[in-house]
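Here are the chains, one letter per residue:
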Amino acid sequence: MKTKLWKVNPTNPEQQAIREASELLKQGGLVAFPTETVYGLGAIVYNKHSVKKIFEVKGRPRNNPLIVHISNLNQLNDVVSKVPEELELLAETFWPGPLTLVLPKSPLVPLEVTAGLPNVGVRMPAHRVALALIEEAEAPLSAPSANVSGSPSPTLAEHVLKDLDGKIEGVLDAGETLYGVESTILDLTVKPPVLLRPGALPVEKLEEVLGLKVQIPGFARGLNESEVALAPGMKYRHYAPKAEMTVVESSRYSDQADLIKLTEAVKKHALYTSSTSARTCILCTDETIVFYSDLPPNVAVKNLGSRRDPFTIARNLFKTLREIDEEGFLYVVAEGVEEKGLGLTIMNRLRKASGYRIIKI
Ligand code: TXA
Ligand code: MG
């Protein structure tokens, strides 16, 4: 199959491209599109056959449910059967935006979408292209991240093509996505609500608006796998580069002494992995890069950004993991960050990407 590529203006998408893309969706095809988080791989939610194709082309385990993307609140009533009281407040405050809410599904949503679960994850993305596409398709789109299952989520159309060229009908290319990390997933079917996946919207913001503490299970912190495939990639290695990755975590990242201790441990592990002359890449930050001036030639350093700006670290993470594979590194050693705000999201992705290969200092 030839995958059609449309370059579109991110804030004012060309109508012709949106029309062609939605036509392919209506015919049962799969089209990748940008959102404010990462690129998604869309199919019309009511078309079981297209939904099944999503699982096939991604190599996605069948028990991992898909998020339904809506462009207006009328569609919410089509896909959910009960609207809990918190929903209005959250939707009003955060939609369109990087928040996915898990709610009881309506009978209209095929079980293929929810992997047999009685609940459905729904979000309204904050991206003109995504919203225009859903409007033109005249139906919500079920869309996982547009990558091959297990690999880092795509933040550029090039990443989508690398993984799925020739396997899907089209890609709407609107350049790099804003957050570079997926939406936050909150389960509203239980009280208090449970964080199923930390994402681009910090959990503290949800707590502020809800006026209560959200439950944060260990799997949401990326510490372990969930028993059931209730949510995000709890059963499989996720977001992972091909290179073998280790995360070095400290309990404190506050002052210079903490960071020196951290970088010493990172260097020690990097020297160990590179001792066989294999190439190793260290993932560091603005604050720590100075401590890596004395490395052997087969150890490289990539800076993700400042610890005071976790937005940038999160935004660079998946892109950098893909670069690491392109450049042929065999090992990655990543520094941990403080688990606060987007730091929780970053630690979830790092721990999962490492397959829980964690060194604690
Ligand atoms: O930002 C995002 O959320 C992106 C963009 C494209 O919207 N999408 C995304 O989808 O990250 P995906 O499929 O890669 O991750 C969605 C996660 C899945 O791991 C799935 O387990 C969870 O959401 N999920 C979806 N529906 C669920 C449900 N009914 N109950 C529990 N978890 C659910
Ligand atoms: Mg994904």
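Residues numbered from 1 in each chain as written. Chains lettered and ligands numbered in written order. Predicted model: local features only at pLDDT ≥ 70, side-chain atom pairs only at ≥ 80, totals over all residues. Heavy atoms only, no water.

Topic: the overall build of the chain
Stage number 1. A count of helices and strands for the chain gives 11 helices and 15 strands.
Stage number 2. On C-alpha atoms alone, the chain measures out to a radius of gyration of 20 Å, which is about the 21 Å that the 2.2 N^0.38 rule sets for 361 residues.
Stage number 3. A principal-axis box enclosing the C-alpha atoms of the chain has dimensions of 60 × 50 × 35 Å.
Stage number 4. The buried share among the 361 residues of the chain stands at 59%.
Stage number 5. The long-range share in the chain, meaning contacts at least 24 apart out of those at least 6 apart in sequence, stands at 68%.
Stage number 6. Approximately 14,700 Å² of the chain is accessible, and the part contributed by carbon and sulfur atoms is 53%.
Stage number 7. Side chains of the chain give 42 positive and 43 negative charges; the mean places of these two sets differ by 4 Å. (Helix = DSSP H or I, 4+ residues; strand = E, 2+ residues; numbered from the N terminus. Rg over C-alpha atoms; globule rule 2.2 N^0.38 Å. Buried < 20%, exposed > 50% of the residue type's maximum accessible area, 1.4 Å probe, protein only. Contact = heavy atoms within 4.5 Å. Areas by Shrake-Rupley, 256 points an atom, 1.4 Å probe, with all protein chains shown as cover. Lys, Arg positive; Asp, Glu negative; His and termini not counted. Charge placed at Lys NZ, Arg CZ, Asp CG, Glu CD.)

Brief notes about unusual backbone geometry
Stage number 1. The omega torsion of the bond from Trp95 to Pro96 falls at -10°, within 30 degrees of zero and hence cis.
Stage number 2. Here Lys191 and Pro192 are connected by a cis peptide whose omega angle stands at -10°.
Stage number 3. If you trace the backbone, Pro192 turns up in the loop between strand E9 (184-187) and strand E10 (194-197).
Stage number 4. One non-glycine residue with positive phi stands out, namely Ala115, at about 55°.
Stage number 5. Ala115 gets classed as partly exposed once you look at its relative accessible area, which sits at 24%.
Stage number 6. Phi at Tyr356 takes a positive value of approximately 65°, unusual for a residue other than glycine.
Stage number 7. You can call Tyr356 partly exposed: its relative accessible area is 26%.

A short note on helix H10 (residues 310-326)
Stage number 1. Between the first and last C-alpha of H10 there are 24 Å, a value that for 17 residues agrees with the 24 Å anticipated at 1.5 Å per step.
Stage number 2. Its axis deflected by about 35° at Leu317, H10 carries its strongest bend there.
Stage number 3. Taken together, the buried positions of H10 are Ile313, Ala314, Asn316, Leu317, Phe318, Thr320, Leu321, Arg322 and Ile324.
Stage number 4. Phi for Gly328, located one or two positions after H10, is positive at around 80°. (Expected span 1.5 Å × (residues − 1). Bend = angle between axes of the 7 residues up to and from the residue.)

Topic: the packing of helix H7 (residues 157-164) against H10
Stage number 1. Look at H7 against H10: their axes get within 12 Å of each other, and the N-to-C directions meet at 50°. Accordingly, the angle class assigned to the pair H7 and H10 is oblique. Handedness of the H7/H10 crossing: left-handed. Here H7 contributes His159, Lys162 and Asp163 to the contact with H10, which in turn contributes Lys319, Arg322 and Glu326.
Stage number 2. Looking at the contact of H7 with H10 residue by residue, the classes come out as no nonpolar, one polar and five charged. (Axes fitted to C-alpha atoms, helices over the stretch in contact; angles between N-to-C directions. Parallel < 35°, antiparallel > 145°, perpendicular 65-115°, else oblique. Left-handed = near helix turned anticlockwise from the far one by under 90°. Nonpolar A, V, L, I, M, F, W, Y, C, P; charged D, E, K, R; others polar.)

Let's talk about the pattern of salt bridges
Stage number 1. This structure, assessed with the given rule, holds 24 salt bridges.
Stage number 2. The closest approach of N and O atoms between Lys7 and Asp173, which form a salt bridge, is 3.0 Å. Here Lys7 is found in strand E1 (residues 4-7), whereas its partner Asp173 is found in strand E8 (residues 170-173), with 166 residues between them in sequence.
Stage number 3. According to the relative accessible area criterion, Asp173 is buried, its value standing at 7%.
Stage number 4. The partner of Arg221 in a salt bridge is Glu339, with the nearest N and O atoms 2.8 Å apart. Here Glu339 lies in the loop between strand E14 (331-335) and helix H11 (342-353) and Arg221 lies in the loop between helix H8 (203-210) and strand E11 (244-249), a separation of 118 residues in the sequence. (Salt bridge = Lys/Arg side-chain N within 4 Å of Asp/Glu carboxyl O.)

Examining the packing of helix H1 (residues 15-26) against helix H6 (residues 128-137)
Stage number 1. Contact geometry of H1 with H6 gives a least axis separation of 9 Å together with a crossing angle of 55°. Of the possible angle classes, the one that applies to H1 and H6 is oblique. The handedness of the crossing between H1 and H6 comes out as right-handed. Contact residues: Gln15, Ile18, Arg19, Ala21, Ser22, Leu25 and Lys26 in H1; Val129, Ala132, Leu133, Glu136 and Ala137 in H6.
Stage number 2. Classifying every residue of the contact of H1 with H6 gives seven nonpolar, two polar and three charged.

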